[in-house]
Amino acid sequence: MTSRQSRTVDGPVGPIAVDVFGEPTADGTVVLVHPINTAALVWDPVAELLDRPVVALDLRGHGRSPMTGPFAIEGGWLDDVVAVLDGLGLNSAHLAGGS
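Predicted model only: the values in this text are computed from it and were never measured.

Caption draft 1: Molecular detail of the overall build of the protein chain. Of the regular secondary structure elements, the protein chain holds 2 helices and 5 strands. When the helices and strands of the protein chain are listed from N to C terminus, the series reads β-β-β-α-β-α-β. Computed over C-alpha atoms, the radius of gyration of the protein chain comes to 12 Å, within 12% of the 13 Å expected from 2.2 N^0.38 for 99 residues, which places it in the range of a compact globule. Considered along the principal axes of its C-alpha atoms, the protein chain spans approximately 35 × 25 × 20 Å. Classification of the 99 residues of the protein chain by burial places 40% in the buried group. Pairs at least 24 residues apart make up 61% of the contacts formed inside the protein chain by residues separated by at least 6 positions. Put simply, the protein chain shows about 5100 Å² of open surface, and 57% of that area lies on carbon and sulfur atoms.

What follows is the structure in structure tokens.
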């Protein structure tokens, strides 16, 4: 996979930092969600091994995304993931996360 490109997308409460590997496609991109209290960079070794476009986001309050709440799954981080999908024009994705 190609090297990481840093981008931002408009989130519901501010910008959301994303790392993009390859060129995202409307269908078939892998979206990686980091465990709480970590950041998108934990996925770098995984993204390098995958043979398709990868997007790893920094949820609000993590990594390069601003500390703007709420900090919860519903009404918070879930909305961040949806904003990334919409902001990058992803109709569907393979979603993976860590805990």
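Caption draft 2: Layout of empty space enclosed by the protein. Taken as a whole and assessed by the stated rule, the structure comprises 1 cavity of 30 Å³ or more. Quantified by volume, the largest cavity comes out at close to 50 Å³. Lining the largest cavity are Gly11, Pro12, Val13, Gly14, Pro15, Ile16, Arg60, Ser65, Pro66, Thr68 and Asp80. Classifying every residue of the lining of the largest cavity by side-chain character gives 5 nonpolar, 4 polar and 2 charged.

Caption draft 3: The arrangement of the sheet that holds strand E3 (residues 29–33) in detail. Ordered in space as E1-E2-E4-E3-E5, the 5 strands form an open sheet in which the pairing is mixed. The outermost strands of the open sheet, each flanked by one partner alone, are strand E1 (4–10) and strand E5 (93–97). For this sheet the average axis-to-axis angle between neighbouring strands, irrespective of direction, equals 25°. When E3 meets strand E4 (residues 54–57), the two strands line up parallel, connected through 4 bridges. Across the sheet, residue valine 33 finds its bridge partner in E4, namely leucine 57.

Calculation criteria
Residues numbered from 1 in each chain as written. Predicted model: local features only at pLDDT ≥ 70, side-chain atom pairs only at ≥ 80, totals over all residues. Heavy atoms only, no water. Helix = DSSP H or I, 4+ residues; strand = E, 2+ residues; numbered from the N terminus. Rg over C-alpha atoms; globule rule 2.2 N^0.38 Å. Buried < 20%, exposed > 50% of the residue type's maximum accessible area, 1.4 Å probe, protein only. Contact = heavy atoms within 4.5 Å. Areas by Shrake-Rupley, 256 points an atom, 1.4 Å probe, with all protein chains shown as cover. 1 Å grid on protein atoms, 1.4 Å probe; cavity = no way out; pocket = protein on both sides within 12 Å on 5 of 7 lines; lining within 4 Å. Points joined across faces, edges and corners; volume = space filled by probe spheres on them. Nonpolar A, V, L, I, M, F, W, Y, C, P; charged D, E, K, R; others polar. Pairing = 2+ DSSP bridges. Axes fitted to C-alpha atoms, helices over the stretch in contact; angles between N-to-C directions.

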